[in-house]
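Spelled out from the first residue to the last, the chains are:
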Amino acid sequence: MTTALDTPVLSPRVRPVEGLRQSASLSWRTLVQIKHNPMELIDYSIQPIMFLLLFTYVFGGAISGSPGDYLTFALPGIIVQNALFGTLNTGIGLNTDVTKGVFDRLRTLPIARWAPLSGRIAADMVKQLWSMGLLLGLGAVMGFRIGTSPAGALGAVVLVLVLAMAFSWLSVLVSMLVSEPEKVMIFGMAVMFPLTFVSNAFVPVDTMPSWLRGIVDVNPVTLVADAVRGLLVGGPVAGPVTGSLLWAAGILVVVAPLAVRAFRRRV
């Protein structure tokens, strides 16, 4: 006869390997939804195309003398900017799931506390790849040419994904601290806009005031934009890549544990 004492007790601790498997399952759940709701890719499709066309043909002649020259300079920066703004979708999606009670059932399951968060981030990294592919493809149609090598282009994509993953955890933290998805977007307007525009993503820093240039030089967006330019077009690579990875590691080490803690308190 089976007694209550014979019932297996689920361990509250989940092995890292098992947590990774759970993250992959939850990530697949998010990606499968695209099949039934392709509109989820709108933010990763329309916005990057719009930014690339507008910046190139509206500002290109005034800044660089011709749209073609500006495209060579600006496309790496637009890729970085679009990746950072894409991380807001991660926070908005998670906040919506929490608000609607999607994670209530997960609370009763023996899964890693960080699996729902890392699963969503992993799924959104796939969407980020789609967005970068669109930008590079449209850029090629408009005249952009990779001046380095396939390895350099792959390195640029990986670097942008690393930065996007780090900033995704920041978006997740904000989404767990605010009550409504709209407030995650307010965070984006208040933080992401200044971060991307006070950089050399779209314009050279030569005409900026000296005090502003000091801020721009240490801005992670500037470092990543320089690194992506070096990897795609040519130029310094080692310094910008090192600075970018240090920023990404610092954000990840500090913010990810805070995001998991906030998630545990929220759910």
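Residues numbered from 1 in each chain as written. Predicted model: local features only at pLDDT ≥ 70, side-chain atom pairs only at ≥ 80, totals over all residues. Heavy atoms only, no water.

**Student:** Would you mind going over the packing of helix α1 (residues 16–36) against helix α4 (residues 115–142) with me for this structure?
**Tutor:** The packing of two helices is summarised by the inter-axis angle and the distance between the axes. Following both chains from N to C, one finds α1 and α4 inclined at 50°, their axes separated by 7 Å at the closest point. Classified by the interaxial angle, the pair formed by α1 and α4 is oblique. As for how α1 packs across α4, the hand of that crossing is right-handed. Residues G19, Q22, S23, L26, S27, T30, L31 and I34 of α1 form the contact with α4, whose own contacting residues are A115, P116, S118, G119, R120, A122, A123, V126 and K127. (Axes fitted to C-alpha atoms, helices over the stretch in contact; angles between N-to-C directions. Helix = DSSP H or I, 4+ residues; strand = E, 2+ residues; numbered from the N terminus. Parallel < 35°, antiparallel > 145°, perpendicular 65-115°, else oblique. Left-handed = near helix turned anticlockwise from the far one by under 90°. Contact = heavy atoms within 4.5 Å.)

**Student:** Explanation requested: the packing of aromatic side chains in the structure shown.
**Tutor:** Aromatic rings considered in pairs are described by the distance between their centres and by the relative angle of their planes. On inspection of all chains with the given rule, the structure shows seven aromatic pairs. Look at F85 and F193: their rings are 4.9 Å apart centre to centre, the planes differ by 75°, and that puts the pair in the edge-to-face class. Placement of the pair is F85 in helix α3 (residues 67–99) and F193 in helix α6 (residues 181–197), with a sequence separation of 108 residues. In this structure F193 comes out as partly exposed when scored by relative accessible area, which is 28%. Here F193 and F197 contribute two aromatic rings whose centre-to-centre distance is 5.6 Å and whose plane-to-plane angle is 5°, an arrangement assigned as stacked. Of the two residues, F193 and F197 are both situated in helix α6; the distance of four residues between them amounts to about one turn of the helix. You can call F197 partly exposed: its relative accessible area is 36%. (Phe/Tyr/Trp six-rings, centres within 6.5 Å; stacked < 30°, edge-to-face > 60°. Buried < 20%, exposed > 50% of the residue type's maximum accessible area, 1.4 Å probe, protein only.)

**Student:** What is the right way to look at the nonpolar core in this model?
**Tutor:** Considering soluble globular proteins, one finds that nonpolar side chains tend to be buried as a cluster. Grouped together as the largest cluster of nonpolar side chains are 62 residues, with contacts concentrated most on I78 and W169. Looking at this core, the elements with two or more residues in it are α2 (46–64), α3, α4, α5 (150–177), α6, α8 (220–232) and α9 (238–266). By residue number, the principal contributor to this core is α5, which donates 15 residues. Those residues in contact with W169, other than ones at most four positions away along the chain, are L117, S118, I121, L252, V255, A256, A259 and V260. (Core = buried A, V, L, I, M, F, W, Y, C linked by side-chain atoms within 4.5 Å.)

**Student:** Explain the UniProt feature "transmembrane region" (unreviewed entry) in the protein here, please?
**Tutor:** With numbering matched to this structure, UniProt assigns "transmembrane region" (unreviewed entry) to residues 44–63, 129–147, 153–177, 184–203 and 245–263. Helix makes up 100% of residues 153–177 and strand 0%, with an end-to-end C-alpha separation of 37 Å. (UniProt positions renumbered as here; feature names shortened; annotations may be inferred.)

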